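# Remarks on the overall topology
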Amino acid sequence: MKQRQISYLLKALCILLGIMGIVVFGGLTSFSASMFTETPVNPYSYFIIFSWYTAVLCYGVLILFWQVCTQIGNDNSFSMENVRSFRRMGYLGIAYMVGDIARFIWLLCLGNARVKAISVTVFMLLVALIFVVLCECLSQLIKGAYEMKQENDLTI
């Protein structure tokens, strides 16, 4: 029963993060649309493409985490499904890093790679790297626990 309660709490967190994402990415879209309307030749108004890319990746992570929560609720925390989900979340983290580097290159091409932009990019790349490492570590830990569980099931 505890597993199901944990699963519900984690799913509620997923829903809250999804709503927060709608607010943030919706606000960015609205801001970008107003910027584009005011000055259509402004190259910064096209930054919304990078934001949408990030939004797709974030919602992909939330969907995969929802699947992990479902496995937890089914009392199947140490499963190959969770191993795959965490590994895929790590891949999405790597895809984010590639997009962030592309955004930074875009800034360089615009001639606007100031200290603030460089600092934010480096910070976000480090956060994404930490996320990727955590996902891979969790994937390996769950895989090890799954294999141990399988061995114990076979001996009984």
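The following refers to the structure shown. Every value quoted in this text rests on a predicted model; they were computed, and no experiment measured them.

### With respect to the nonpolar core
Soluble globular proteins tend to bury their nonpolar side chains together. Core analysis: the biggest nonpolar cluster contains nine residues, these being Val61, Leu64, Val68, Ile72, Val83, Phe86, Met89, Cys135 and Ile142. Among the secondary structure elements, those contributing two or more residues to this core are helix H2 (48-73), helix H3 (80-110) and helix H4 (115-155). Of all the elements, H2 adds the most residues to this core, at four residues. If we ignore the near neighbours within four places in the chain, the residues touching valine 83 are Ser139, Ile142 and Lys143.

### Concerning H2
Here H2 is 26 residues long and its end C-alpha atoms lie 37 Å apart, about the 38 Å a rise of 1.5 Å per residue gives. Once H2 ends, the next one or two residues include aspartate 75, with phi positive near 60°.

### A word on the pattern of salt bridges
In the structure shown here, the tally under the stated rule is two salt bridges. Put simply, glutamate 136 and arginine 87 hold a salt bridge, and the shortest N to O gap is 2.8 Å. Linking glutamate 136 in helix H4 with arginine 87 in helix H3, this pair joins segments that are 49 residues apart in sequence. Judged by relative accessible area, which is 31%, glutamate 136 ranks as partly exposed.

### Quick notes on the layout of surface pockets
Reported here for the largest pocket is a volume of approximately 980 Å³. Of all the elements in the fold, those that place two or more residues in the lining of the largest pocket are helix H1 (2-38), H2, H3 and H4. When residues of the lining of the largest pocket are assigned to their parent elements, the largest contribution, ten residues, is made by H2. Of the residues belonging to the lining of the largest pocket, the class tally is 24 nonpolar, seven polar and two charged.

Conventions we followed
Residues numbered from 1 in each chain as written. Predicted model: local features only at pLDDT ≥ 70, side-chain atom pairs only at ≥ 80, totals over all residues. Heavy atoms only, no water. Core = buried A, V, L, I, M, F, W, Y, C linked by side-chain atoms within 4.5 Å. Buried < 20%, exposed > 50% of the residue type's maximum accessible area, 1.4 Å probe, protein only. Helix = DSSP H or I, 4+ residues; strand = E, 2+ residues; numbered from the N terminus. Contact = heavy atoms within 4.5 Å. Expected span 1.5 Å × (residues − 1). Salt bridge = Lys/Arg side-chain N within 4 Å of Asp/Glu carboxyl O. 1 Å grid on protein atoms, 1.4 Å probe; cavity = no way out; pocket = protein on both sides within 12 Å on 5 of 7 lines; lining within 4 Å. Points joined across faces, edges and corners; volume = space filled by probe spheres on them. Nonpolar A, V, L, I, M, F, W, Y, C, P; charged D, E, K, R; others polar.

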